[in-house]
Amino acid sequence: MHPDPLTLYGETFDSRFLLGTALYTSPTIMRDALRASRCDIVTLGLRRQNPGDRSGDAFWQYIKDSGCKLLPNTAGCKSVKEAVTLAEMSREMFDTPWVKLEVVGDDYNLQPDPFGLVEAADELTKKGFKVLPYCTDDLIVGQRLVDVGCEVLMPWGSPIGTGQGLLNRYNLRTLRERLPNIPMIIDAGLGAPSQAAEAMEMGFDGILLNTAVAKAHQPPLMAEAFADAIDAGRKAYHAGLMERRQTASPSTPTIGQPFWHQS
Amino acid sequence: MGNHTESIGIAGAGLLGRLLAWQLLLRGHRVSLFDAGTREGIDSAAWTAAGMVAPLSEAVVSERPIYDMGLFALTQWPLWINQLESERTLWHQQGSLVVSHPQDEAELAQFHRELQYIIGSADGYQWLDRPALQNLEPDLSDRFQRGLLLETEGFLNNRELLNQLLATIERLGGECHFECPVDVEPNTLYNAERRYRFDRVIDCRGVGAKPQQPAVRGVRGEVLHVRTRELALHRPVRLMHPRYQLYIVPKPDHRFVIGATQIESEDRSPMSLQSSLELSSALYTLSPAFAEARIVEQSVNLRPTYLDNNPHIQTSDGLIRVNGLFRHGYLLAPAVVKQVLADVEGAEGTPFAPFLQRPLPEMSSAPEHPFRHSP
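Definitions and limits used
- Residues numbered from 1 in each chain as written.
- Chains lettered and ligands numbered in written order.
- Predicted model: local features only at pLDDT ≥ 70, side-chain atom pairs only at ≥ 80, totals over all residues.
- Heavy atoms only, no water.
- Pairing = 2+ DSSP bridges.
- Helix = DSSP H or I, 4+ residues; strand = E, 2+ residues; numbered from the N terminus.
- Contact = heavy atoms within 4.5 Å.
- Salt bridge = Lys/Arg side-chain N within 4 Å of Asp/Glu carboxyl O.
- Nonpolar A, V, L, I, M, F, W, Y, C, P; charged D, E, K, R; others polar.
- Core = buried A, V, L, I, M, F, W, Y, C linked by side-chain atoms within 4.5 Å.
- Buried < 20%, exposed > 50% of the residue type's maximum accessible area, 1.4 Å probe, protein only.
- Domains from an automatic or database assignment.
- Buried area = accessible area lost by both parts, 1.4 Å probe.
- Polar contact = N/O pair within 3.5 Å; in protein donor to acceptor, adjacent residues only side chain to side chain.

Enquirer: Requested: an account of the sheet that holds strand β4 (residues 91-92) of chain B, with residues and values cited.
Expert: All names here are of chain B. Spatial strand order, β3-β8-β4: three strands in an open sheet with antiparallel pairing. In the strand order of this sheet, the two ends are held by β3 (52-53) and β4, each with one partner. As defined by bridge partners, β4 adjoins strand β8 (residues 154-156) across two bridges and the pair is classed as antiparallel. Counted as the bridge partner of His 92 is Phe 155 from β8.

As structure tokens, this is what we get:
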């Protein structure tokens, strides 16, 4: 058994890396990236594929065949009603109560609408869903989501697809420290493995991304790079980072150096 | 004319079916062409497509061999068009432009980076500043600060081309059966009414082959046709979009095609409002003069696609299956058709044979049950 599993809603996963399934050049390249990422959970969007008549089946079956747990999302939904309807449809289609809840507040940067998000999370939780909300890094929003029953939070690093990394470290650190028992997955905005490692070093429990891998020249190689960085960051978190200091402190003794070189 | 001529049945009268029928007739073979749809071919992906031959633009969203086959297309299409002796202009080659909305400038930079990565050199494209853009396309909105000119790209008047191909096939004595769906087995095309025997059959039914070829899937694409006399474009223009590239292609009679969405779905229902908004606002972004254009057509079709999004030719005794040209029909047809002709005649293949004749990608790789960890 892996010594450090990720536990979400009572299920455990070896990998702390969740990968999206959009934007790849082809399904086979997507599959190669999924394999290289060693991920256990993949997200998929169905808003635009006319889920009612299952016209996306050919593609979805291929994702299912990856063996990963499917996490349907409500990407593209702008209202509570839309998100709830789509979540119900995806529960039926994929036979899972898990949903990555997105309620888009702004069309251009796809920023979450915190008010709609809390309302939709409340409704879905009451209907028995296991909600993984894509939220901003605001503590109060996080608290409200937990209050309505979310057992996992997925705060952004920065807006979707921007690759800006962790834009507001202060907020993210606050969220982490104030809600220490809630698993948190940084979702969106990461462009480089170093950014993922940093988030893991800060004590976040996992990373979800899509664009940075899908848009790389070699998606499988980038997937592997992120997987390694996430592992490294997690190990560093457990090992304990040293405190930063203002002055240099030599790691070799200075005895033996002439006094004018000391100080 | 080759030494040995055959009777050949072709299932599917889209672009590949028509090109193959024409070329095989020219080589002295006896050809019968079958299609489930009408003579006009309005059900075929080739009819819905905008007819671009854009190896550089497409290189960015595909693999290197697609680019190489696309370069071949740029030399082959003018030869074929000459051979057709059409009275109307079917082929245009004045390059294409790539621009982005100021907010999507990063998408344009990414496009350029991909181009450099895949092509290696800076051959065939250059940055243009605003005056240069205005000089090339005066009717383009002047808000675009810069753009890429892809110098060699071309486009076809594709619907007229499909007409001309059919007329030529019939003139050369090809036998055509429209509204006559057929299934395929070696040496035979058949339906509930009849069986047709041939020395060889070629299956180019695209998504229509899916019942017999489950590895083929459809990828939905939506296009809008508008008409306006208020502006003119001399070449296709691509507009970067965070999810897919949109292109506007000028067509005869003051028509413009804008496409295409790319959605992993086999849904053929009419265009969604969201797609319609995206396509329309892209047009408006390119030039506000499109505001009063009239929407004359909204089309939806499925691109025939294998899991690797690449074309495949499968040759066996008495049967050649060719499919999976995805979003690259006009770009890849010359290379694919040349290779099929070589297969038919047992001639030396094209340089693309190793790529085109690879085995199909495997369909599934894991157990049926999608959940690795159960509660």
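And the narrative resumes.
Enquirer: Please provide a residue-by-residue account of the interface of chain A and chain B, values included.
Expert: On the side of chain B, 39 residues touch chain A, which itself brings 38 residues to the contact. Applying the counting rule to chain A against chain B returns one salt bridge. A salt bridge links B:Glu362 to A:Arg31, with the shortest nitrogen-to-oxygen separation between them at 4.0 Å. Of all the elements in the fold, those that place two or more residues in the side of chain A that touches chain B are β2 (11-13), α1 (27-37), α2 (57-64) and β5 (69-73) of chain A. Looking at the side of chain A that touches chain B, its residues break down into twelve nonpolar, 13 polar and 13 charged.

Enquirer: Let's hear about the nonpolar core: which residues, and what values?
Expert: Core analysis: the largest hydrophobic core is formed by 78 residues, its most contacted members being A:Leu8, A:Leu101, A:Val131, A:Leu145, A:Ile207, A:Leu209 and A:Val213. Ignoring sequence-local partners within four residues, the contact set of A:Leu8 consists of A:Phe13, A:Ile41, A:Trp98, A:Leu132, A:Val152, A:Pro183 and A:Ile185. Residues B:Ala46, B:Leu74, B:Ile202 and B:Tyr330 belong to the second largest nonpolar core, which totals 52 residues.

Enquirer: Can you break down the domain arrangement of chain B residue by residue, with the values?
Expert: Residue and element names in this part refer to chain B. As assigned here, chain B comprises domain 1 (7-53 + 158-215 + 307-360 + 367-373) and domain 2 (84-154 + 217-305). For domain 1 and domain 2, the distance between their C-alpha centroids amounts to 28 Å. Facing 27 residues of domain 1, the contacting portion of domain 2 comprises 30 residues. Both sides together, the interface formed by domain 1 and domain 2 hides about 2500 Å², and carbon and sulfur atoms give 56% of it. Between the two partners, domain 1 and domain 2, sit three salt bridges. Residue Glu 266 pairs with Lys 210 through a salt bridge whose shortest N-O separation is 2.9 Å. Counting across the domain 1 and domain 2 interface gives 14 residue pairs in polar contact (both at pLDDT 80 or more).

Enquirer: So, unusual backbone geometry: which residues are in play, and what are the values?
Expert: Here the amide bond leading from B:Gly259 into B:Ala260 is cis, since omega sits at -20°, within 30 degrees of zero. Inspection of the secondary structure assignment puts B:Ala260 in the loop between β17 (255-259) and α8 (273-286). Of note in this structure, A:Arg38 is not a glycine but carries a positive phi near 60°. For A:Arg38, the position within the fold is in the loop between α1 and β4 (41-45). A:Arg38 sits in the partly exposed class, given a relative accessible area of 40%. You will see that B:Glu179, though not glycine, has its phi angle at about 50°, which is positive. For B:Glu179, the location among the structural elements is in the loop between β9 (175-177) and β10 (183-185).

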